[in-house]
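One-letter residues, chain by chain:
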Amino acid sequence: MAAKPVPGRTTADTEGEVVVLLIGMRINHFWAVHHWLPVVVAMPRMLRELGKAPEHGLLGHVLLTASPRTFYVVQYWESKEKLYAYAHAPDKLHHRAWAIFNRKEKAGKVRQHVGVWHETYVVPEGSYESIYSDMPAFGLAAAHGQVPVAARGRYAKERFAHRSGAI
């Protein structure tokens, strides 16, 4: 079911710092399906696992593609500590998937067939802002909630200046 747009201008209802993880893969050789398909299917499995257990800290995510061979996910987390805890938990899918990938890479079985990457950003309050016009909750707003833009400021400089607990 498609989300209905929220009329007018809105912004994300964020408080404090924001943790953003960009994580993705690039298919380097299309014909090497047996090398990159396990990487492709691992992420949706992890997202389902995280969706069933909000206590792990994933607030929201957006699946994106940069080209026919490059796919990534923008993830919003409660904290870097919760992100690290999930990534290192031996009973979670990420730990197992990463161990399998590392074993295959060391054996030379995935080298050059598939690329993987991630970037993590911890963005302090006052260093982000957002605006959405006639959009359903998306990205940061989907992760943290959505409020009328007037609640944070009509202009970007006002939204950057917003502080938690400020009146």
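Residues numbered from 1 in each chain as written. Predicted model: local features only at pLDDT ≥ 70, side-chain atom pairs only at ≥ 80, totals over all residues. Heavy atoms only, no water.

## Thoughts on the sheet that holds strand β4 (residues 70-77)
What holds strands together in a sheet is hydrogen bonding between their backbones, with the strands either parallel or antiparallel.
In step 1: Ordered by their spatial adjacency, four strands build an open sheet running β3-β4-β2-β5, and the pairing between neighbours is antiparallel. A single partner strand is all that each edge strand has here, and the edge strands are β3 (58-67) and β5 (114-123). Here the strands of the sheet are splayed against their neighbours by 15 degrees on average, with no regard to which way each runs.
In step 2: In this sheet, β4 lies alongside strand β2 (residues 18-27) in antiparallel orientation, the contact comprising eight bridges. Residue pairing across strands places Gly 24 opposite Tyr 72, the latter belonging to β4. (Pairing = 2+ DSSP bridges. Helix = DSSP H or I, 4+ residues; strand = E, 2+ residues; numbered from the N terminus. Axes fitted to C-alpha atoms, helices over the stretch in contact; angles between N-to-C directions.)

## A short note on the environment of Arg 103
In step 1: Along the chain, Arg 103 turns up in helix α3 (residues 93-106).
In step 2: Sequence-wise, Arg 103 and Arg 163 are 60 residues apart; in three dimensions their C-alpha atoms are separated by 46 Å.

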